Structure formats: C-alpha cells, structure tokens
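Read off the chains here:
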Amino acid sequence: MEYRDRGGSKSIKNIIFIVTKDCQLACKYCYLVGKNSNEKMTWEIGKQTIDYILNEFSQSKGIILDFIGGEPFLEIELIDRICDYFKVEAYKKELVCFNNYRFNVSTNGINYNSPKVQEFICKNKKHVSIGITIDGTKRKHDLNRIWKGTNKERGSYDDVVKNIPLWLEQIPNAETKVTISSADIPYIKESVLHLYSLGIHEVNINCVFEDVWKEGDDRVFEEQLMELADAIIDGGYYNDYVCSFFTEHIGKPMDCQMDNQNWCGAGKMLAVDAEGNFYPCMRFAKYSLRSKDALIIGNVRDGIDKNKLRPFLTLDRCTQSTQECIDCEVASGCAWCQGENYDAADTPTIYQRSTAICKMHKARVRANNYYWNKLYRKLEKEGEREAFENNKPKSNAPKC
C-alpha cells in the first residue's frame with residue numbers, strides 16, 4: 001500500500017471510515033442498498049484503524065481521513081474522538097502527516113448546524129472539508145432525497161437549504177455533488193442555476209452508473225445540457241462558476257498505451273467498516289452491493305492481504321473495457337465506478353466494465369462540444385479569449 005509519485009516521495013493516503021450505515025433519508029437513487037441502524041463503528045475499531053494507519057503509512061507525506069455513512073454526522077462524537085486521537089498520535093510519533101492532514105465529511109446537511117458538528121468544525125477549521133449534497137431546486141431535490149419512514153414521501157430540501165449560508169460562510173470554496181437519475185433529467189438546467197444563485201460556485205454533477213436509463217433519456221439529457229450551456233454563456237456565469245458537465249478535454253479518442261490508467265482510485269484508497277474489515281473502496285462493502293458478496297482485502301487486526309489487493313493494482317482502462325469502448329471516438333471522460341463494474345458483472349470479477357451510461361456520455365459530449373464552441377466564438381468576438389484562458393475557474397474536486 002505504499003505508492004510513490006513521480007518525484008519519489010510517499011504519496012498522500014486516503015482512508016475512508018464507514019462510521020454508520022444509518023441515514024435519516026431514503027434517497028431513491030442511493031446505491032447503498034443495505035443501509036441499517038445496527039452497524040455503527042465503535043471507538044475501539046476507530047482507534048485500531050488509526051493505530052494501523054500511523055504505523056503502516058508512517059512515511060506518507062499526508063493523510064486524508066474521509067468519513068462517510070449512511071449519514072456520518074449521526075456519529076459526530078465518534079468522528080471527533082477519532083480525529084483528536086489521530087492528531088495526538090501523529091504528534092507523539094513526530095510524523096510528517098501531523099502538519100499535512102485533512103478530515104473530509106460527506107453529509108446530507110441536515111445536522112450541519114447542530115452544536116456538536118459546529119464545535120468539530122471550529123476545532124478543525126484549517127483541516128476540515130465538508131461536502132453537503134443539495135440536488136438543485138426544491139422539486140428536483142425532493143423528487144429523490146426524501147425522509148425515510150414516513151407514510152407520505154417528504155422531501156428534505158427545506159431541511160438542507162437553511163444550512164447552506166452557514167456552510168458557505170465557513171467553507172467559502174465548498175462544492176456540492178449533484179446526482180442525475182432518469183426521473184430528474186428535465187430539471188438539470190434549473191437546478192444548476194439555482195445552486196449558483198445560492199452562492200455555490202462549483203457544481204460537480206454526474207449520472208448514476210447503475211442501469212436505470214430509459215429509451216430517450218439521452219435526448220432529453222442533451223437538450224437540458226444545451227439549454228444550460230446557453231444560460232451559462234449568455235448569463236456570463238462561466239467567469240466565476242464551474243459545472244463539471246462542461247469539461248474542455250472530454251470526448252476524444254484514447255490511446256491504449258498513453259491513456260490507459262484506471263478511472264478511480266480503487267485499491268489505492270482504503271475503506272474500513274464497523275467490524276474493522278478493509279476494502280479497496282467503500283463500494284465493495286456489502287451495503288453497497290446488490291448482487292455480489294463483499295470484497296474484503298484485510299482487517300485492522302491482521303492488516304492488508306496483498307494478494308487480495310494485487311488485482312486492483314493491475315487495473316487499467318483496456319483490461320476491463322470492451323473493444324467498442326477501447327475504439328470509441330469519444331472515449332475520454334467516460335467514467336466508470338469500479339464497484340458498480342463488480343456488482344453488474346456476469347461473474348465475480350472486477351475486470352468487466354459496466355457500460356450503462358454509454359448513451360448518456362455521448363449525449364454529454366455533444367452538448368459539451370456545443371458549449372465550448374459557443375463560448376469561444378463569443379470570447380473571440382468580444383476579444384476576451386486570452387483573458388478567459390488565463391483566469392478561467394478550475395474545479396477543486398478530486399476525481400474518485
């Protein structure tokens with residue numbers, strides 16, 4: 001699990017803590033099919049994980065502790081205790097990561113303004129990054145992100161949006177993560193613009209990887225993106241705002257030797273669950289899988305089984321893609337989720353790429369080409385292209 005960057009130094013390690021599998025919401029598109037209120041991480045497992053990390057990755061130039069659920073802020077006391085223990089032990093061991101660490105939390109935002117969460121943020125404000133999921137307008141958000149256990153579907157938009165001003169005040173460069181499913185495609189344009197109006201300058205947005213798409217979804221998707229492109233360009237949003245659907249370097253052919261990296265970091269990150277089991281990514285934990293068994297690569301007591309990890313370290317684009325994907329003229333930027341590949345495969349393999357989003361990617365590429373062609377024509381006409389090139393906003397979000 002020790003990787004070196006091109007400069008030869010030890011790389012930053014990303015450790016994902018699945019602190020709970022419980023959540024207040026029952027989002028319709030959620031890939032966590034096994035959420036429950038029983039599996040919660042104990043302090044002992046959290047402590048053992050930190051001990052393992054600081055021993056195994058003692059030479060790392062940085063550590064990222066990523067807390068997820070379910071809804072991680074349901075376990076804020078545990079998160080706070082784990083982070084305190086990490087800081088104290090890293091200091092006592094005089095590790096480089098004591099001055100180079102970050103605590104990431106992905107939350108639904110409902111408990112963001114609670115006293116304990118706010119105390120945690122205040123204590124760690126120079127080292128904490130929090131992503132709140134808000135899906136856009138009230139009708140888009142409430143279509144999928146509903147409270148669990150109610151007789152009548154009740155959306156969570158009002159419970160989340162009230163915390164957005166405080167979130168942006170505390171984390172000025174915060175970005176949100178928006179998910180698109182078949183039912184909410186018609187609301188993409190209005191939702192991105194709404195998020196901009198709330199003060200969120202970076203909207204990272206993607207289609208679900210699962211096979212949920214219906215005939216004609218790609219056409220509606222393309223229409224929505226082109227309308228959004230017009231609104232962003234005509235409204236001048238491109239100077240200060242980012243929408244990840246419009247990325248300049250997607251939609252090109254890819255070379256099997258020069259462009260053959262794996263899409264995500266599965267196998268290079270490490271996830272740990274309530275029982276102390278290790279996974280190459282949290283998407284390989286049982287609560288993330290519809291049809292396959294969990295893929296465990298070790299635990300906090302025995303460490304990582306490197307033979308179980310080895311297949312992930314050999315993953316690349318061409319070893320798991322069909323020939324059609326390899327030869328595709330718009331292959332660049334076509335994403336995949338390694339866990340979904342495994343879950344959707346005909347056999348228990350990680351080498352069979354799921355292609356459920358193929359038509360959606362191609363529709364995105366067509367709209368993306370429209371966006372950049374229109375934008376650059378406008379900038380050149382107004383003599384502003386060079387200034388835009390030198391100052392255009394860039395995404396801060398890391399790729400999975």
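Computed from a predicted structure; not experimentally measured.

**Q** Before we move on, could you go through the overall build of the protein and cite the residues and values that matter?
**A** The helix and strand tally for the protein stands at 14 helices and eleven strands. Relative to the compact-globule value of 21 Å for 400 residues, the protein shows a C-alpha radius of gyration of 21 Å, a close match. In terms of overall dimensions, the protein has C-alpha extents of about 60 × 50 × 50 Å along its principal axes. Sorting the 400 residues of the protein into buried and exposed places 54% on the buried side. Counting only contacts in the protein whose residues sit at least 6 apart along the sequence, the fraction spanning at least 24 positions is 75%. Total accessible area on the protein is roughly 18800 Å²; 49% of this is exposed by carbon and sulfur atoms. Averaging the locations of the 55 positively and 57 negatively charged side chains of the protein gives two centres separated by 2 Å.

**Q** Hey, could you go over the packing of helix α8 (residues 217–234) against helix α13 (residues 358–381) for me, with residue numbers and the actual values?
**A** Contact geometry of α8 with α13 gives a least axis separation of 9 Å together with a crossing angle of 20°. Relative to α13, the element α8 lies roughly parallel. Crossing of α8 over α13 shows right-handed handedness. Contacts between α8 and α13 involve Asp217, Asp218, Phe221, Glu222, Leu225, Met226, Ala229, Asp230, Ile232, Ile233 and Asp234 from the former and Lys359, Met360, Ala363, Arg364, Arg366, Ala367, Tyr370, Tyr371, Lys374, Leu375 and Lys378 from the latter.

**Q** Run through the state of the cysteines, naming residues and quoting values.
**A** Throughout the structure, instances matching the rule amount to one disulfide. Covalently, Cys256 is tied to Cys318 through a disulfide, its sulfur atoms 1.8 Å apart. Between Cys256 and Cys318, the S-S torsion sits near -105°, and that sign places the bridge as left-handed. Of this pair, Cys256 sits in the loop between β7 (242–243) and β8 (270–272) while Cys318 sits in helix α10 (residues 317–320); the two residues are 62 residues apart in sequence, bridging distant segments of the chain. Cys337 carries a free sulfur, and the closest cysteine sulfur to it, the one in Cys281, is 6.2 Å from it.

**Q** Just give me the short version of the pattern of salt bridges, but keep the residues and values in it.
**A** If you walk through the whole model with that rule in mind, you get 26 salt bridges. Close ionic contact of Glu248 with Lys392 constitutes a salt bridge, the shortest N to O distance being 2.7 Å. Placement of Glu248 in the loop between β7 and β8 and of Lys392 in the segment after α14 (385–391) is noted, with a sequence separation of 144 residues between them. When salt bridges with common partners are traced through the structure, they connect Glu210, Arg283, Arg290, Glu340 and Asp343 into a single cluster.

**Q** An account of unusual backbone geometry is requested, with residue identities and associated values reported.
**A** Outside of glycine, negative phi angles account for most residues, and trans bonds account for most peptide bonds. A cis amide bond links Gly69 to the next residue, Gly70, at an omega of 15°. Summarising the element assignment, Gly70 is placed in the loop between β2 (63–68) and α2 (76–92). Of note, the phi angle at Glu94 is positive, near 55°, even though the residue is not glycine. Looking at where Glu94 falls in the secondary structure, it is placed in the loop between α2 and β3 (101–107).

**Q** How would you summarise α2 if you had to cite specific residues and measurements?
**A** Within an α-helix, residues lying three or four positions from one another point in the same direction, as the helix has 3.6 residues per turn. Taking 1.5 Å per residue, 17 residues should reach 24 Å; α2 reaches 24 Å between its end C-alpha atoms and fits that length. When we look at burial in α2, the residues that qualify are Ile76, Leu78, Ile79, Ile82, Cys83, Tyr85, Phe86, Lys87, Glu89 and Ala90. Looking at the buried side of α2, the elements it contacts are β1 (13–18), α1 (43–56), β2, β3 and α3 (115–123). Among the residues trailing α2, Glu94 stands out with phi positive, at a value near 55°.

**Q** So, the side chain of Thr49: which residues are in play, and what are the values?
**A** Turning to its location among the elements, Thr49 is positioned in helix α1. Residue Thr49 is classed as buried on the basis of its relative accessible area of 1%.

**Q** Would you mind going over the side chain of Arg283 in detail, with residue names and values included?
**A** Inspection of the secondary structure puts Arg283 in the loop between β9 (277–279) and β10 (298–299). At a separation of 3.1 Å, a polar atom in the side chain of Arg283 contacts the side chain of Glu210. With sequence-adjacent residues up to four places away left out, Arg283 is seen in contact with Tyr31, Glu210, Ser288, Leu289, Cys337, Gly339 and Glu340.

**Q** Outline the sheet that holds strand β5 (residues 175–180), supporting the account with residue identities and numerical values.
**A** The strands making up a sheet are joined through hydrogen bonds of the backbone, oriented either antiparallel or parallel. Taken in spatial order, the three strands make up an open sheet running β5-β6-β7, and their pairing is parallel. This sheet does not close on itself; its edge strands, each paired only once, are β5 and β7. Strand direction decides the pairing type here: strand β6 (residues 202–207) and β7, joined by two bridges, are parallel. If you follow Val203 over to β7, its bridge partner there is Cys243. The sheet contacts of helix α7 (residues 188–197) involve β5, β6 and β7, and relative to β6 the element is tilted by about 155°.

**Q** I'd like a description of the pairing of strand β4 (residues 128–132), backed by residues and values.
**A** Side-chain alternation along β4 places Val128, Ile130 and Ile132 on a buried face and Ser129 and Gly131 on a face that remains uncovered. As defined by bridge partners, β3 adjoins β4 across five bridges and the pair is classed as parallel. Bridge assignment links Val105 to a residue of β4, and that residue is Ile130. A crossover links β3 with its parallel partner β4, the connecting element being α3, and its sense is right-handed.

**Q** Go over the sheet that holds β8, please, and point to the residues and values.
**A** Reading across from one edge, β4-β3-β2-β1-β8-β9-β10-β11 is the order of the eight strands in this open sheet, with mixed pairing throughout. Every interior strand has two partners, whereas the edge strands, β4 and β11 (303–304), have only one. Here β1 runs beside β8; their pairing, made up of three bridges, is parallel. Considered in β8, the bridge of Ile15 is made with Leu270.

Basis of the calculations
- Residues numbered from 1 in each chain as written.
- Predicted model: local features only at pLDDT ≥ 70, side-chain atom pairs only at ≥ 80, totals over all residues.
- Heavy atoms only, no water.
- Helix = DSSP H or I, 4+ residues; strand = E, 2+ residues; numbered from the N terminus.
- Rg over C-alpha atoms; globule rule 2.2 N^0.38 Å.
- Buried < 20%, exposed > 50% of the residue type's maximum accessible area, 1.4 Å probe, protein only.
- Contact = heavy atoms within 4.5 Å.
- Areas by Shrake-Rupley, 256 points an atom, 1.4 Å probe, with all protein chains shown as cover.
- Lys, Arg positive; Asp, Glu negative; His and termini not counted.
- Charge placed at Lys NZ, Arg CZ, Asp CG, Glu CD.
- Axes fitted to C-alpha atoms, helices over the stretch in contact; angles between N-to-C directions.
- Parallel < 35°, antiparallel > 145°, perpendicular 65-115°, else oblique.
- Left-handed = near helix turned anticlockwise from the far one by under 90°.
- Disulfide = S-S within 2.5 Å.
- Salt bridge = Lys/Arg side-chain N within 4 Å of Asp/Glu carboxyl O.
- Expected span 1.5 Å × (residues − 1).
- Polar contact = N/O pair within 3.5 Å; in protein donor to acceptor, adjacent residues only side chain to side chain.
- Pairing = 2+ DSSP bridges.
- Right-handed = clockwise from strand over helix to strand, strands pointing away.

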